[in-house]
Amino acid sequence: MIRRPFCGMAVGFLLGAVSAARGAGMLSAAAAFAGFAAAAWQMWKCRDGGRRRDVRFHAAVRMAAFALCLLFGSVRYGQECRFRDGYLPYLGDGTNVTVQGKLDKKEIKNQQYIYEMASCIIGCGQNERSKEAPVPCNRILVYTDSDFASVGEILVLNGTIELWDAARNEGNFDEKSFYQNRKIDFALTDVRLCGIYGKENRLAEWLFALRNRMRALYEQTLAGAEAGILCAMTLGDKTLLQDGQRQLYQNCGLSHIMAISGLHVAVVGMACYGLLKKIGPGIRSAGAVSAFLLVCYGQMTGMGNSARRAVLMFCLMLSADIVGRSYDTLNALGAAAFVLLVQNPYLPWDAGFQLSFTAVAGIVCMGKTVDFSGQRYGKQMEKLYAGTVAWLVTLPLVVWHFYEAACYAVPVNLIVLPMTGAVLTMGLLGGLLGTAAAVFLGESAGLRLAGVLLFPCEKLLWLINRVCAVAEQLPGAVQITGRPQPGQMILYYAGLAALAFYLKRSAQAAKERRANAEKNTPAKHRSETGKVQRMGKEIAQSSGGMARFFAGAAVLLIVLFWRGSGGMELDILDVGQGDGSFLRTGGGDTVFVDGGSTGAGKVGIYRILPFLKYRGVREIDYWFVSHTDADHISGLRELLGEGYPVRHLIVSETAGEEDAALDELLALAADTGCEIRYVGAGDILHLGRARIRVLSPLREAAYADKNAASLVLCYEEGGFSGVFTGDIGSAEEEALVEAGVLRPVTFYKAAHHGSKYSNSEAFLQALSPEISVISCGENNRYGHPGDEAVRNMQRTGSRIFYTMHGGQIKIRYRGGRITTEEYCGCKEGCVFPVQLLK
């Protein structure tokens, strides 16, 4: 029999899709044809018969299946890309279109209905491509304030297209990739119903109503925190989660219990299957009913990728039990992966897909590499080992996507997971019976019954929250790691596979030695003393296996988290209409200049902090504040409020005494233990071989407003120098020119977001920057950047970069060589102001 054919098929399809995405489709085709040739050679050798005929035949079939799926994955990915490219580039943000599609699922979020429509067709619109003919497209999301349709019905809607936003800085959430990896192309807002027809899916609509009733019941019966967690755990509904709860569970390594996955499916599926088998309708009927109920549960909770994987694997397990065949977890995992990938070849880039399949594969492959049989605490040690394995195999993916690691995830999971099964069982039972009682006996009866059934569930959830709160307060609970390099992840997983192979071979060798010793020991010597001695040897061997495992894991963690010095780096973040610059010196000191925005909401939480985590920056050594306008400090306030460590806050000594924003900022900084320093013109901060000179505000000058009194800084390291100007105007620029403190520089951060009232010609000629960066928001109401300011920068011969077009601007100085890179690059069809002014 061919061993685990679906594993090879899934891996082949995955490699084919990835190679096509990387532009190596011809390489995957060549590899596929090589696989076919090898399979043909093995089949040719089978003609001679012999003892190895079956082995060669199975090898040939495996090779052929792998090669076929490799080619299929490449072709399937290319097919999806060509399909999407046939219409998506022609759709403009804000375009009015008419769309027809089938309502596949719906949910309520933030008091708004979200419809997910499948089998969509884009009809008439305002772009030339869509006027030619109706164009089929992937799924879309429809946002509406009212529930006007049922699942299964076909809707004709007119609305406004909202394209997904791509990330503007490293580490920021990439909305475009997130949704398009799920084959959801855009959102439709301001919708107007033009037509509705077709037959509703009564089961799906009933499940949607049941989910809403259970959520309302949880909300009325339980306290706020416990209600939100129970809704997330049982229904996959996170709308009731309180502020910070999601982050709390993530910091403790418990995010997986709030995503419907294998744990939930195992509890629900095994409970139904075991109960039905005892009742006695027959194993086939029990399996069929259990599978149906499990699919309904998955449908009710949204049927995410993790849930679909778990449901498919459980159905395969039921099938194996019904027909009397053995169940192979890895083969079932491969089958589930193959089915999902064929439906959506973009899934390899989905974080949920990666984590779900990697966790199961890692636990299965490494779960039995150390033998704990015969030990006094064997079960506890086995659980510890399994939890550590699950943490280790998913750790690279966690830090790749979230840039931080929960250090106490293993012990917290060992404490919490035994309670989770009881919470799920009692939570679902209380919700279902309470809802049934409310329907048949009245709302009050339903609430009383739910209150009784959910009481122990509420106490367990309170205990879980307390465990998480205590764990989060422990030293080093969460470590910012940054995103590792792809080469580090490849080396880590290769080392983990080698470690698993070594431990498995060691366990097999030890087992063979025990069997031989038992066989060669005379029966009269097999006394109780001998048994005790053999048990002691087994404990010593398993302890040695655990020691080798943890030693190998420690080496792999060093490989994963090693960060070498990469020279000086400067990043001007895209914060919308505002300023924010990160600087890391060649010696490793971290500096931030300003950090705020009036054009992007919560810029500190959603743009600055994710960037710092992505870069592995655990604290800022020196944070300079040029002045206290909101577009320069709003993000800093948010980070201080979140407890992000800032060692020194540096402000101008001429800051106004009646500046309420400054008073608030200094009080917040003092509460976090941040040291506050005041500087003026002539002060110098030495950072190893680098230094930062304060050029302005001049001590003898008087300034009319905050902008004029902005800190002006000059950073110097080796052959690199750069000037940060805050929001000074042309008068302050003229004063700096007259003071004779300006020198030609490598980098210039345009004053006042490129305002026409700043960036004067004499000032720029004195600086003669090689690189100029303008930080401003697109289509801002101030008209930044000004044409005259850009023209003055051009006259110096400077290369000009814009955060509104290129996103984050990355400048690196290594070995005397300067490199500059835009994170986003030019938008297709956009026109730079510098091009207009040439």
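Okay, so let's go over this structure. (Residues numbered from 1 in each chain as written. Predicted model: local features only at pLDDT ≥ 70, side-chain atom pairs only at ≥ 80, totals over all residues. Heavy atoms only, no water.)

**Details of the sheet that holds strand β13 (residues 646-652)**
Okay, so step 1: Read from one edge of the open sheet, eight strands run β14-β13-β12-β11-β10-β9-β22-β23, paired in mixed fashion. Each edge of the open sheet carries a strand with a single partner, namely β14 (675-679) and β23 (817-822). Neighbour to neighbour, the strand axes of the sheet diverge by 20° on average, direction disregarded.
Okay, so step 2: Relative to β13, strand β12 (residues 620-624) is paired through four bridges, and the arrangement is parallel. By the bridge assignment for β13, I620 is matched with V646.
Okay, so step 3: Contacting β13 and β14, helix α21 (residues 660-671) crosses the sheet at an angle of about 160° to β13. (Pairing = 2+ DSSP bridges. Helix = DSSP H or I, 4+ residues; strand = E, 2+ residues; numbered from the N terminus. Axes fitted to C-alpha atoms, helices over the stretch in contact; angles between N-to-C directions. Contact = heavy atoms within 4.5 Å.)

**Overview of the packing of helix α1 (residues 5-21) against helix α12 (residues 329-343)**
Okay, so step 1: Taken N-terminus to C-terminus, the directions of α1 and α12 make an angle of 35°; their axes are 7 Å apart at the nearest point. Read as a crossing pair, α1 and α12 show a hand that is left-handed. Counting all contacts with α1, which are made through P5, F6, C7, M9, A10, F13 and L14, the residues of α12 involved are L330, N331, G334, A335, A337, F338, L341 and V342. (Left-handed = near helix turned anticlockwise from the far one by under 90°.)

**Here's the deal with the pairing of β12**
Okay, so step 1: Of all five residues in β12, five are buried, a share of seventy percent or more.
Okay, so step 2: One crossover worth recording links strand β11 (residues 590-597) to the parallel β12 by way of helix α19 (residues 603-614), and it is right-handed.
Okay, so step 3: For the handedness criterion, the β-α-β arrangement of β12, helix α20 (residues 630-641) and β13 is classed as right-handed. (Buried < 20%, exposed > 50% of the residue type's maximum accessible area, 1.4 Å probe, protein only. Right-handed = clockwise from strand over helix to strand, strands pointing away.)

**A closer look at the pattern of salt bridges**
Okay, so step 1: Per the counting criterion, the structure on display carries 28 salt bridges.
Okay, so step 2: In this structure, R615 engages E170 in a salt bridge whose closest nitrogen and oxygen atoms are separated by 3.5 Å. Of this pair, R615 sits in the loop between α19 and β12 while E170 is found in the loop between β5 (154-163) and α5 (175-180), placing the two residues 445 residues apart along the sequence. Each member of the pair, R615 as well as E170, carries the same accessibility label: buried.
Okay, so step 3: R215 serves as the salt-bridge partner of D237, at 2.8 Å between the closest nitrogen and oxygen. (Salt bridge = Lys/Arg side-chain N within 4 Å of Asp/Glu carboxyl O.)

**Remarks on the packing of aromatic side chains**
Okay, so step 1: In total, this model carries 21 aromatic pairs according to the counting rule given.
Okay, so step 2: Here Y748 and F763 contribute two aromatic rings whose centre-to-centre distance is 6.0 Å and whose plane-to-plane angle is 65°, an arrangement assigned as edge-to-face. Highlighted residues: Y748 in strand β19 (residues 747-749) and F763 in helix α23 (residues 761-767), separated in sequence by 15 residues.
Okay, so step 3: A relative accessible area of 0% means that Y748 is categorised as buried.
Okay, so step 4: F763 gets classed as buried once you look at its relative accessible area, which sits at 0%.
Okay, so step 5: Chaining the aromatic ring pairs together yields one cluster made of W164, F173, F178 and Y179.
Okay, so step 6: One residue, R182, lies across the ring of F178, its end atom 3.9 Å from the ring centre.
Okay, so step 7: In this arrangement the basic side chain of R483 is found over the ring face of W400, its NZ or CZ atom lying 4.1 Å from the centre. (Phe/Tyr/Trp six-rings, centres within 6.5 Å; stacked < 30°, edge-to-face > 60°. Lys NZ or Arg CZ within 6 Å of the ring centre and 35° of its normal.)

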